[in-house]
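Coordinate analysis (summary)
One-letter residues, chain by chain:
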Amino acid sequence: KAGVTQTPRYLIKTRGQQVTLSCSPISGHRSVSWYQQTPGQGLQFLFEYFSETQRNKGNFPGRFSGRQFSNSRSEMNVSTLELGDSALYLCASSFRGSTLAGGHPPTYEQYFGPGTRLTVT
Amino acid sequence: AQSVTQLGSHVSVSEGALVLLRCNYSSSVPPYLFWYVQYPNQGLQLLLKYTSAATLVKGINGFEAEFKKSETSFHLTKPSAHMSDAAEYFCAVSDRGNYGGSQGNLIFGKGTKLSVKP
């Protein structure tokens, strides 16, 4: 089974521009989460999409947005780029179903892609 | 609010020595806990997970972790370090989701860089 793929792998943008990053989840996975990784702040959750709807959102400004398509592929967009947006952006996919009757609910661990390294100059 | 604390941003061990990476969590309800490893210029790879079944969890590459509720800890261990274990390790926590399974928003610790000396 193919893993999570992210494109592009590297990107250089100028302050004030906007950027779109793409993530293709593992086949059969319907949940996609996005994370930002920086040396100063570490790994921070951006948002999660499931069935084309945003389910969870982290504490990031409105310049950060995302969407999910019917095939579960997801994109995130950052508008009006700032120098501080330079980071590794990681996408993770997981299987999300419904709660099983009885017993422990299934665990849906997240599988990460290789990331997109964004540099803002 | 949930949080994760990893004690020690850098840990150095000799090849063949015990690896112990510490993780303490804060959560108001029984959480899901994870350990991930990240090699340079790569994404995160899942090492193991705790889902409230067995408290001693075995993962890949000889790693294991023990969930201790009384200590709110989930430390990662490996009996004998190998040079290939040099990487950064992240402990993460998530809530239980309404749809079953874990929530999609992992809360990560700051990470521990493991160095292995020959």
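Residues numbered from 1 in each chain as written. Chains lettered and ligands numbered in written order. Predicted model: local features only at pLDDT ≥ 70, side-chain atom pairs only at ≥ 80, totals over all residues. Heavy atoms only, no water.

It is worth spelling out the overall build of chain B at this point. Counting its secondary structure elements, chain B contains zero helices and eleven strands. Secondary structure of chain B in N-to-C order comes out as β-β-β-β-β-β-β-β-β-β-β. Here chain B has a C-alpha radius of gyration of 14 Å; the compact-globule value for 118 residues is 13 Å, and the two agree. By the burial criterion, 48% of the 118 residues in chain B qualify as buried. Taking the contacts inside chain B whose residues are at least 6 apart along the sequence as the reference set, 58% of them involve residues at least 24 apart. Measuring between centres, the 10 positive side-chain charges of chain B sit 3 Å from its 7 negative side-chain charges. (Helix = DSSP H or I, 4+ residues; strand = E, 2+ residues; numbered from the N terminus. Rg over C-alpha atoms; globule rule 2.2 N^0.38 Å. Buried < 20%, exposed > 50% of the residue type's maximum accessible area, 1.4 Å probe, protein only. Contact = heavy atoms within 4.5 Å. Lys, Arg positive; Asp, Glu negative; His and termini not counted. Charge placed at Lys NZ, Arg CZ, Asp CG, Glu CD.)

Take the sheet that holds strand β8 (residues 74-78) of chain A next. Sheet strands line up and pair through hydrogen bonds in the backbone, either parallel or antiparallel. All names here are of chain A. Spatially, the four strands line up as an open sheet ordered β1-β3-β8-β7, and their pairing is antiparallel. Both outer strands of the open sheet, β1 (5-7) and β7 (64-68), are each paired with one neighbouring strand and no more. Neighbour-to-neighbour, the strand axes of the sheet open up by a mean angle of 20 degrees, direction not taken into account. (Pairing = 2+ DSSP bridges. Axes fitted to C-alpha atoms, helices over the stretch in contact; angles between N-to-C directions.)

Here the amide bond leading from A:Thr7 into A:Pro8 is cis, since omega sits at -10 degrees, within 30 degrees of zero. Turning to its location among the elements, A:Pro8 is positioned in the loop between β1 and β2 (10-13). Positive phi values are uncommon outside glycine, yet A:Thr80 reaches one of about 45 degrees. At B:Asn61, a position not held by glycine, the phi torsion is positive, near 60 degrees. By the secondary structure assignment, B:Asn61 is in the loop between β6 (56-58) and β7 (64-68).

Quick look at the side chain of A:Glu48 now. Within the secondary structure layout, A:Glu48 lies in strand β5 (residues 42-50). What makes A:Glu48 buried here is its relative accessible area of 0%.

Residues and elements named next belong to chain A. In the sheet, β1 pairs with strand β3 (residues 19-24) via three bridges, with the strands oriented antiparallel. Considered in β3, the bridge of Gln-6 is made with Cys-23. Looking at chain direction, β3 and β8 are connected through five bridges and run antiparallel. Considered in β8, the bridge of Val-19 is made with Val-78.

It is worth spelling out the pattern of salt bridges at this point. For the structure on display, the rule yields seven salt bridges over all chains. Where A:Arg73 meets A:Glu75, a salt bridge forms, and the shortest distance between an N and an O atom there is 3.3 Å. On the basis of relative accessibility, which here comes to 16%, the residue A:Glu75 falls in the buried class. We note a salt bridge from B:Lys78 to B:Asp85, for which the minimum N-O separation is 2.8 Å. Both residues of the pair, B:Lys78 and B:Asp85, count as buried. (Salt bridge = Lys/Arg side-chain N within 4 Å of Asp/Glu carboxyl O.)

What follows concerns the state of the cysteines. Scanning the entire structure with this criterion turns up two disulfides over all chains. One disulfide bridge connects A:Cys23 with A:Cys91, the sulfur atoms lying 1.7 Å from each other. One quick way to see it: the torsion about the S-S bond of A:Cys23 and A:Cys91 is about -45 degrees, and its sign makes the bridge left-handed. Highlighted residues: A:Cys23 in strand β3 and A:Cys91 in strand β9 (residues 87-94), separated in sequence by 68 residues. Judged by its relative accessible area of 0%, A:Cys23 falls in the buried class. What pairs with B:Cys23 in a disulfide is B:Cys91, and their sulfur atoms sit 2.0 Å apart. Measuring the twist about the S-S bond at about -60 degrees, one finds the B:Cys23-B:Cys91 disulfide to be left-handed. Here B:Cys23 is found in strand β3 (residues 19-26), whereas its partner B:Cys91 is found in strand β9 (residues 87-94), with 68 residues between them in sequence. (Disulfide = S-S within 2.5 Å.)

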